[in-house]
Amino acid sequence: MPIVLTTNDVVLNPDHAWNDITGVQYHYPNQYKNKIRTGEPFVYYRGVHRKDGPRGQAEYFGRGRIGEIRQDPATTGSSRPSWFCTIEDYVPFTPPVPAKPDGVFYEQIAPNMWRNGVRTLDQDVFERIVAAAGRPTGTSAPTIVPQPATPQAADNLIVPRGKTVGGGANGGYRKSKRAKEVGDWAERAALAFIRHTLGPATLVHRAAEGERPGWDIDYVDSSGELQRVEVKGTVSAAFTSIDFTAGELRAAQTHGDKFWLYLVANCLTDRAQVQAIQNPAARLAEGDWTARPILFNILLG
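In short, a report on the structure. (Residues numbered from 1 in each chain as written. Predicted model: local features only at pLDDT ≥ 70, side-chain atom pairs only at ≥ 80, totals over all residues. Heavy atoms only, no water.)

## Describing the pairing of strand β3 (residues 41–46)
Each regular strand carries side chains that alternate between the two faces of the sheet. Let me state the cut-off plainly: Three labels apply to residues, based on accessible area from a 1.4 Å probe with only protein chains included: buried if under 20% of the type maximum, exposed if over 50%, partly exposed otherwise in between. Strands are runs of DSSP state E lasting at least 2 residues, helices are runs of H or I lasting at least 4, and numbering of each runs from the N terminus. At least two DSSP bridges between two strands are required for those strands to pair.
In terms of burial, β3 is largely enclosed, as 6 of its 6 residues are buried. Of the two faces of β3, the one carrying Pro41, Val43 and Tyr45 and the one carrying Phe42, Tyr44 and Arg46 are both buried. Sheet analysis places strand β1 (residues 3–6) next to β3, joined by 4 bridges and oriented parallel. Directly across from Leu5, in β3, lies its bridge partner Tyr44. Sheet analysis places β3 next to strand β4 (residues 59–71), joined by 6 bridges and oriented antiparallel.

This is the structure we're talking about:
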């Protein structure tokens, strides 16, 4: 049976603060253990409180499927365990679906049930919400929220090690069925970011021209230096890992400070964020990041 996962922008009660990462994982108390099952479809719901700005509408803002379930290691042996589930096949709703269109709620439930973080949902109601959301096309112009673009900047779009349990949306080896759609959208967001940051600039979108030098975009900066940009995108709110090809990694190592990694989170939505990281190869060399081979191309015959 489909379910609703509640994750709010603002948590008014500190006791109800959970380690949720949109599109990556959901963290929940033991009382919901029997409601969350691997393989179940769900929709995300948030209430009216917003982190920045006035109150918003109660709305459904995405859908997905429950993945692997594990106990929170911090509650091992506790009489009050909590749990994590990974999120699979996450699709954001662009725009979100109001919880009360035309004055009538999709969920016909008792008022006190809106406080439940996890709720069961009738199949027909689930299908109506998904139908109202439509299918993101990825063709709209990206609206971006720039993040700091210096090597020392806080990694706002990177989930620190130890914050995730299980593979997550970016942690496994499976290639998303929507990888090209998300990747193309992320590159358009990166182009918009560069134009917004630098103003008029000579940009070459190598990927769009079918070229694969080890990066997607390059441009000449104000000092006449060629800067290279590799773009990675996700529909999730943050990255748990990224995939680099051997050519991309060589290019990053060869060009050092003249190579940038652009991370684009919340792709296909009007809440996209871009973070520019200079010289990602240095992060690997210094041990801040680690790399592991996860896929080999086997030629047969």
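## As for the packing of aromatic side chains
For the record, the criterion: A pair of aromatic rings is counted whenever rings of Phe, Tyr or Trp (Trp by its six-membered ring) have centres within 6.5 Å, and the orientation is called stacked for planes under 30 degrees apart, edge-to-face for over 60 and tilted otherwise.
On inspection of all chains with the given rule, the structure shows 9 aromatic pairs. Summarising the aromatic geometry, the rings of Phe42 and Tyr44 are spaced 5.0 Å apart at their centres and angled 80° between planes, so their arrangement reads as edge-to-face. The two residues Phe42 and Tyr44 agree in class, both being buried. Measuring from ring centre to ring centre gives 5.7 Å for Tyr44 and Tyr90, while their planes differ by 75°; the resulting arrangement is edge-to-face. Here Tyr44, found in strand β3, pairs with Tyr90, found in strand β5 (residues 82–98); they are 46 residues apart in sequence, far enough to count as distant. For Tyr90, a relative accessible area of 8% corresponds to the buried category.

## Considerations on the nonpolar core
Quick note on the threshold: Grouping buried Ala, Val, Leu, Ile, Met, Phe, Trp, Tyr and Cys residues that are joined through side-chain atoms within 4.5 Å yields what is termed a nonpolar core. Contacts are residue-level and defined by heavy atoms, with any inter-residue pair within 4.5 Å sufficient.
Formed by 36 residues in total, the largest nonpolar core has its most connected members in Leu5, Ile36 and Tyr262. The element best represented in this core is helix α3 (residues 179–198), accounting for 8 residues. When sequence neighbours within four positions are dropped, the list of residues in contact with Ile36 reads Ile3, Leu5, Tyr26, Tyr28, Ile66, Ile69, Cys85 and Val118. Among the nonpolar cores identified, the runner-up in size contains 15 residues, and Ala99, Tyr106, Phe126 and Ala133 belong to it.

## A few points about the pattern of salt bridges
This is how it is decided: The salt bridge definition used is simple: a Lys or Arg side-chain nitrogen within 4 Å of an Asp or Glu carboxyl oxygen.
Applying the stated criterion to the full structure yields 8 salt bridges. Salt-bridge contacts for Glu230 lead to Lys232; the nearest nitrogen and oxygen are separated by 3.2 Å. The exposure class assigned to Glu230 is buried, which follows from its relative accessible area of 2%. Among the charged side chains, a salt-bridge network with shared partners connects Arg206, Glu211 and Asp218.

## Quick notes on the environment of Ser241
Its place among the elements puts Ser241 in the loop between β10 (226–233) and α4 (246–255). Of the residues examined, Ser241 reaches a relative accessible area of 30% and is grouped as partly exposed. Separated by 48 residues in the primary sequence, Ser241 and Trp289 have C-alpha atoms spaced 9.6 Å apart.

## Some details on α4
How we decide: Here the arc refers to the set of directions running from the helix axis out to each C-beta atom.
Those residues of α4 not exposed but buried are Glu248, Ala251 and Ala252. Angular distribution of buried residues about the axis of α4 spans 100°; they occupy a single face of the element. Among the exposed residues of α4, those oriented more than 90 degrees off its buried face are Ala246, Arg250, Gln253 and Thr254. Looking at the buried positions of α4, the neighbouring elements they touch are β10, β11 (259–265) and α5 (280–285).

## Some thoughts on the sheet that holds β1
Short version of the rule: Only the contacting stretch of a helix is used when fitting its axis, a line to C-alpha atoms as for every element, and angles between N-to-C directions run 0 to 180 degrees.
If you trace the 6 strands from one edge of the open sheet to the other, you get β2-β5-β4-β3-β1-β6, paired in mixed fashion. At either end of the open sheet lies a strand with only one pairing partner, and these are β2 (25–29) and β6 (118–120). The average undirected angle you get between the axes of adjacent strands in this sheet is 35°. Sheet topology note: the β1/β6 ladder contains 3 bridges and is antiparallel. Its bridge partner lying in β6, Val4 is registered against Arg119. Sitting on the sheet, helix α1 (residues 123–133) touches β3, β4 and β5, and the angle it makes with β5 is about 50°.

## Notes on unusual backbone geometry
The general pattern is negative phi for most residues beyond glycine and trans for most peptide bonds. The amide bond that connects Thr94 to the next residue, Pro95, takes the cis arrangement and shows omega of 0°. Relative to the helices and strands, Pro95 resides in strand β5. Residue Asp102 is not a glycine yet carries a positive backbone phi of 55°. Inspection of the secondary structure assignment puts Asp102 in the loop between β5 and β6. Asp102 gets classed as exposed once you look at its relative accessible area, which sits at 82%. One non-glycine residue with positive phi stands out, namely Asn279, at about 55°. One can find Asn279 in the loop between β12 (272–278) and α5.

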